[in-house]
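Overview (structure and organization)
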Amino acid sequence: MHDTPTLLQLRAVAKHFGGVAAVGGLSTTVRKGTVHGLIGPNGAGKTTVINLITGLFHPTDGEILFDGHNLEAKPPHEIAALGISRTYQNVRLFSGMSALEQVLTGCFLKRGSSLFASFAGLPAARRNWEEARAKSLLLLARVGMAGKADVLAETLSYGEQRRIEIARALGSDPKLLLLDEPTAGMNHAESQAIGQLVHELRDSGLTILMVEHNMGLVTEFCDSCTVMNFGKLLAEGTPRSCIDDPEVQAAYFGRKNDAKRIQPVG
Amino acid sequence: MEAILDFWAAYSATIAFGLVNSFIALSCYAVLSAGVLSFTTVMFAAVGGFVAAQMIGMFALPPLVAFLFAGVAGGVAAAVIAVIFLRLETHWMALASLALVLITRVVVLNTPTLTGGVQGMLVPVRVSVLELFLALAVTAFVFYRMHNSWYGLVSRAVREDPSVASTMGISTYRVQFIAFLISGAVGGIGGAALATTLQFISADTYFLALAFTMIASTVLGGSFHWFGPIVGAFVFTALPTTMQAVLPEIQDVAKGVVLLVIMILLPRGLVDPRVLKLRLSRSPKTAEQPDA
């Protein structure tokens, strides 16, 4: 697996908010065609890393390389155009839009015609619009939401909204998909379904970086992972080796002495 | 037949002003629908109004031709304003646009060769209700096309969540710049429509009252669909006349109360596409499936 080319590389990336280092010199690589887990305790800086990659924040130091481009100081819409797409930790769908419109918005980068051609209703633009619509319906079906196209997204359940968000992120045919806790608030069966979907997407050639809390899911569905704590790299490698790492166990469960200290008296 | 003529005699002015205010409200909607609250419409209207008045005065143009020049002038003004304003955070932009309303008034008062200064300007031509209607129909068609195109879709996305929209490859700057251009063009036409309806314009024509008309019409009618501002403009324009006929003693209070009641009961305005989508959401085809 290690001979597959690198798609995303973080080199000593740091992000400071005032005096707080949310990310303090993180280096890691994500290889093409893999599912890479980004894990760590709450407040480890995982979402900040996702925000740095998508350009919502700019690193204070270090550089992010994606597919031969340096993402330094690029605005989010240019980074998206390079082929990076994402979902959000707490679902952020557009209020007032149907499920289909959400996904259609995600297809913006692949619209194929200019804004003006679309406004003027030129034949080619109409055709492109219909294609984007058909593609959105396909994507909805792919995440198991066929038949909900006309439903106002905010009336759907949390799990369904997450699925629509994934479909929306797929609309731009990204090379790299960033999933920020895709299974948060889901039950076991729903999480498994998301895991299956992630595998299907990987098998169709997509690279996925996912923030995940559920260790069972990470071992089951990730090919490799990066463990963070306090904004720094803690461990890297296969999910198994990461979980067996004593440092990682300490970060998640505390040290042996800590456990003794908090044991009830008597 | 006589009844119709009577009605026309009594209300043609209200209808004309309803049409004029529709342009002003649409100009406000154009930027609001891309997530920008701005009173710059007042300035665009002033530019359009005085350009139209000057063109008519110098070349005796028919009103609709003057509208075209006014629209272009408003659009050019909007391009300049957008470059400056889009650097600001949203709430500062709203404040800056209010300042621009005050600046516009001072400029109008102090450039008598262009605007007549304190004396104001007479406009020798009066636009007919039919011409106003035609111009509004064309404008509404433009908004209809925008609403159902990529621009309409992504401007709604930018309005709801600009940072999410940007991670989907949408340049919020570009979308809001286009929104300003449209607002400027429609605002300019609205200013020209006002000039050729009143036949007299001065610094006070394009001042706070117009800003109030603009925002009240848009909020009242609904800012989530282009048809909302038009409905809002007509309701807002007809309200004083109606209240005068029904409750002449307390017409001002009654007008305020009616506005408040509508806004409390329908906070998203008289025209709300969300209601329609909710109905679609609950259609039997989809409602039968239990929630996962």
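Residues numbered from 1 in each chain as written. Chains lettered and ligands numbered in written order. Predicted model: local features only at pLDDT ≥ 70, side-chain atom pairs only at ≥ 80, totals over all residues. Heavy atoms only, no water.

A word on the UniProt feature "transmembrane region" (unreviewed entry) in chain B
Residues and elements named next belong to chain B. The test is simple: UniProt positions are given in the numbering used here, feature names are shortened, and annotations may be inferred rather than shown by experiment. The numbering of helices and of strands both runs from the N terminus, where a helix is a DSSP run of H or I of at least 4 residues and a strand a run of E of at least 2.
Sequence positions flagged by UniProt for "transmembrane region" (unreviewed entry) are, in local numbering, residues 7-26, 32-52, 64-86, 92-111, 123-144, 177-198 and 205-227. Taken end to end, residues 32-52 is 62% helix and 0% strand, and its first and last C-alpha atoms sit 26 Å apart. In residues 205-227, helix accounts for 65% and strand for 0%; the two terminal C-alpha atoms are 25 Å from one another.

So, the sheet that holds strand E6 (residues 84-86) of chain A
In any sheet, the strands associate via hydrogen bonds between backbone groups, in a parallel or an antiparallel arrangement. Residues and elements named next belong to chain A. Heads up, the condition is: Only strands that DSSP links by at least two bridges are regarded as paired with each other. Think of each axis as a best-fit line through the C-alpha atoms, taken over the contacting stretch in the case of a helix, with angles from 0 to 180 degrees between the N-to-C directions. Two residues qualify as a contact provided that any one of their heavy atoms is within 4.5 Å of a heavy atom in the partner residue.
Read from one edge to the other, the open sheet built from 6 strands follows the order E6-E7-E8-E3-E9-E10, with strand pairing classed as mixed. Here the strands that pair on one side only, and so sit at the sheet edges, are E6 and strand E10 (232-237). Between one strand and the next, the sheet's axes are offset by a mean angle of 20°, whatever the strand orientation. Strand direction decides the pairing type here: strand E3 (residues 35-39) and strand E9 (residues 224-229), joined by 4 bridges, are parallel. What sits directly across from Ile39, in E9, is Val227. Its contacts with the sheet place helix H1 (residues 46-53) against E3, E6, strand E7 (176-180), strand E8 (207-211) and E9, and it is angled at close to 145° to E8.

Concerning unusual backbone geometry
Of note, Ala12 of chain A is a non-glycine position whose phi angle comes to about 45°, a positive value. Structurally, the position occupied by Ala12 of chain A is in strand E1 (residues 6-17).

Some thoughts on the confidence of the model for chain B
The test is simple: Each residue carries a pLDDT score, the predictor's confidence in it, ranging from 0 to 100.
Of all residues in chain B, 97% have pLDDT values of 70 or greater, and the mean over the chain is 91. Long-range and interchain partners of residues 286-292 of chain B, a stretch whose pLDDT sits below 50, account for 11 contacts in this model, where long-range means more than four residues apart.

So, the pattern of salt bridges
Residues and elements named next belong to chain A. Applicable threshold: We define a salt bridge as a side-chain nitrogen of Lys or Arg found within 4 Å of a carboxyl oxygen belonging to Asp or Glu. Exposure classes here rest on a 1.4 Å probe applied to the protein chains alone. A residue is buried below 20% of its type maximum, exposed above 50%, and partly exposed in between.
Counting across every chain of the model gives 14 salt bridges over all chains. In this structure, the salt-bridge partner of Asp173 is Lys135, at a minimum N-O distance of 3.3 Å. Residue Asp173 is located in the loop between helix H6 (158-170) and E7, and its partner Lys135 is located in helix H5 (residues 123-142); the two are separated by 38 residues in the primary sequence. By relative accessible area, which is 45% here, Asp173 ends up partly exposed.

Comments concerning the domain arrangement of chain A
All names here are of chain A. The condition is simple: Domain delimitation in this document rests on an assignment produced automatically or drawn from a domain database. Computed with a 1.4 Å rolling probe, the buried area is the accessible surface lost when two parts are put together, summed over both parts.
Assigned domains within chain A: domain 1 (1-83 + 174-266) and domain 2 (95-172). The partner domain 2 presents 11 residues to the 18 residues of domain 1 that form the contact. Carbon and sulfur atoms supply 70% of the area buried between domain 1 and domain 2, which totals about 1100 Å² over both sides. Taken as a group, Pro174, Leu197 and Leu201 account for 34% of the area that domain 1 buries against domain 2, more than any other trio of residues on that side. Here domain 1 is connected to domain 2 by 0 salt bridges.

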